[in-house]
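# Chain and residue survey
Chain residues, written in single-letter form:
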Amino acid sequence: MHMKALVYTGPQQMTYRDEPMPTPKQGEVLVEISAVGICGSDLHAYLGHDERRPAPLILGHEGAGIVRSGEMEGQAVVINPLVSCGECDHCLTGYANQCGKREIISMPPREGAFAEFVAIPKRNLVPVPDGMSLSTASLAEPIATGWHAVTKGAQLSKRPLVECKTLVYGGGAVGLAAALSLHAQGCKQIYLAETNALRRETVEAANVCSVFDPTSDDVVAANSIDLVVDCVGNKHTRIGSSSAVKPGGVIIHVGLQDSVEGLDVRKFTLQEVTFAGSYTYTMQDFKATLEAMHNGALGALDWIQERPLNEGSDAFEDLLNGRIAAAKVVLRPDE
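Everything numeric here is computed off the predicted structure, so don't read it as measured data.

### Observations concerning the domain arrangement of the chain
Partitioning the chain into domains gives domain 1 (2-128 + 303-332) and domain 2 (143-277). A straight line from the C-alpha centre of domain 1 to that of domain 2 covers 27 Å. Contacts between domain 1 and domain 2 engage eleven residues on the former and 13 residues on the latter. When the buried surface of domain 1 facing domain 2 is broken down by residue, Trp 303, Ala 325 and Ala 327 rank first, second and third, together holding 53% of it. At the junction of domain 1 and domain 2, the tally comes to zero salt bridges. Summed over the shared surface of domain 1 and domain 2, the result is four residue pairs in polar contact (both at pLDDT 80 or more). Counted by class, the side of domain 1 that touches domain 2 contains six nonpolar, three polar and two charged residues.

Structure representation (structure tokens):
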């Protein structure tokens, strides 16, 4: 049995071809993918910059679809792509995202969701709320990443979010999700830095934050921000975060663009700045995000562009060259 899949075959090479149908193991089910988002980490791997994702590999971890095996057959679901052991201290206390044995689809040994089908543990499936499209449901994964980062920032902040002046780096799906999450959780002063003019327009349309180009606009003063959420994670955003954060403020580092310099650890020490990493989400964050999406707390969620999976290679090229205004590109295997 074979299926169609978009396979990463080498740096800047995506090949649409036949691949073996996945075989669910004990406790797993087969999900027919209806919609799957392209993540920044997929783009990173596509460029050959992620040694954790060697070619050939089916990328993609932001999936939603229909269960095609087991007792949930026919159920529309969104996939939590983070597969944990379920037995360690982290898993047992609700922090499966910190599990030492964690795996994620789109990273060996697990193939990803840029395909017609994926195998995934049943416990990783969350039913899609009635009336929500599967393309919208596929946004739950990147939005949950932003929601988790904001929740962590709120826990570490000395002041409630409603009193905080906040700065988000990045206007892609996770950055926009962080801004939407800040707004939903009560924050009133949100700035978002994005260098791509097309994406700035998309973020502005969400109407929850002040958007600016950090390369030309000096909107945020040094030592003025209570909470920074860096959804880019490169040298420049780390320098910007270090400068902008207030004494006693918080920086949440989400983006994984690179891991080189930029942090001002001397300032962090002298001014008691809290710096914390934020990786994916807990299952509680994931479910809370889906509920917030469903009840309208995160807005219209109309910032996606849909493309057929068989044209995925073109979508990657367009993303790489900054030609897409949408915060998220969603690939549809059924088109």
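### Section: the pattern of salt bridges
This structure, assessed with the given rule, holds 18 salt bridges. Glu 28 is the partner of Arg 110 in a salt bridge, and the nearest nitrogen-oxygen pair spans 3.1 Å. Of the two residues, Arg 110 is situated in the loop between strand S8 (103-104) and strand S9 (117-121) and Glu 28 in strand S3 (residues 28-37); the sequence distance between them amounts to 82 residues.

### Notes on the nonpolar core
In terms of nonpolar packing, the biggest core is built from 48 residues, with Val 78, Met 293 and Trp 303 touching the most fellow members. Elements supplying a minimum of two residues to this core: strand S5 (62-67), helix H3 (134-137), helix H4 (140-156), helix H5 (173-184), strand S12 (189-193), strand S14 (225-230), strand S15 (245-253) and helix H9 (283-294). Tallying contributions element by element places H5 first for this core, with eight residues. With residues up to four places along the chain from it excluded, the contact list for Met 293 reads Met 132, Thr 136, Ala 137, Leu 139, Ala 140, Ile 143, Leu 298 and Leu 301. Core analysis: the next-biggest nonpolar cluster, separate from the first, contains 40 residues, Val 29, Ala 45, Val 83 and Ile 120 among them.

### So, the sheet that holds strand S2 (residues 13-20)
Sheet architecture is open: three strands sit in the order S2-S1-S4, paired in antiparallel fashion. Of all strands in the sheet, those with a lone pairing partner are S2 and strand S4 (57-58), marking the two edges. With eight bridges joining them, strand S1 (residues 2-10) and S2 adopt antiparallel strand pairing. When the bridges of S2 are listed, Lys 4 appears paired with Asp 18.

### A closer look at the sheet that holds S14
Pairing in this open sheet of six strands is parallel, and the strands run S13-S12-S11-S14-S15-S16 from one edge to the other. Every interior strand has two partners, whereas the edge strands, strand S13 (210-212) and strand S16 (274-277), have only one. Each strand axis lies, on average, 15° off the axis of its neighbour in the sheet, ignoring direction. In terms of strand pairing, S15 meets S16 through four bridges, oriented parallel.

### Details of the pairing of S14
Among the six residues of S14, six are classified as buried, and the element is accordingly described as predominantly covered. Judged from the four bridges that link them, strand S11 (residues 165-169) and S14 form a sheet pairing that is parallel. Paired with Thr 166 across the two strands is Leu 227, which belongs to S14. Where the polypeptide runs from S14 across helix H7 (residues 235-244) and back to S15, its parallel neighbour, the crossover connection is right-handed.

### Some details on the UniProt feature "domain: Enoyl reductase (ER)" (unreviewed entry) in the chain
Mapped onto this numbering, the UniProt entry annotates "domain: Enoyl reductase (ER)" (unreviewed entry) at residues 10-331. Annotated as 28% helix and 26% strand, the span residues 10-331 places its first and last C-alpha atoms 20 Å apart.

### Looking at the packing of H4 against H9
Interaxial distance between H4 and H9 falls to 9 Å at its minimum, and their mutual angle equals 110°. Our classification of the angle between H4 and H9 gives roughly perpendicular. Seen from H4, the contacting residues are Ala 140, Glu 141, Ile 143, Ala 144, Trp 147, His 148 and Thr 151; seen from H9, they are Asp 285, Phe 286, Ala 288, Thr 289, Leu 290, Ala 292 and Met 293. Tallied by class, residues from the contact of H4 with H9 come to nine nonpolar, three polar and two charged.

Rules behind the numbers
- Residues numbered from 1 in each chain as written.
- Predicted model: local features only at pLDDT ≥ 70, side-chain atom pairs only at ≥ 80, totals over all residues.
- Heavy atoms only, no water.
- Domains from an automatic or database assignment.
- Contact = heavy atoms within 4.5 Å.
- Buried area = accessible area lost by both parts, 1.4 Å probe.
- Salt bridge = Lys/Arg side-chain N within 4 Å of Asp/Glu carboxyl O.
- Polar contact = N/O pair within 3.5 Å; in protein donor to acceptor, adjacent residues only side chain to side chain.
- Nonpolar A, V, L, I, M, F, W, Y, C, P; charged D, E, K, R; others polar.
- Helix = DSSP H or I, 4+ residues; strand = E, 2+ residues; numbered from the N terminus.
- Core = buried A, V, L, I, M, F, W, Y, C linked by side-chain atoms within 4.5 Å.
- Buried < 20%, exposed > 50% of the residue type's maximum accessible area, 1.4 Å probe, protein only.
- Pairing = 2+ DSSP bridges.
- Axes fitted to C-alpha atoms, helices over the stretch in contact; angles between N-to-C directions.
- Right-handed = clockwise from strand over helix to strand, strands pointing away.
- UniProt positions renumbered as here; feature names shortened; annotations may be inferred.
- Parallel < 35°, antiparallel > 145°, perpendicular 65-115°, else oblique.

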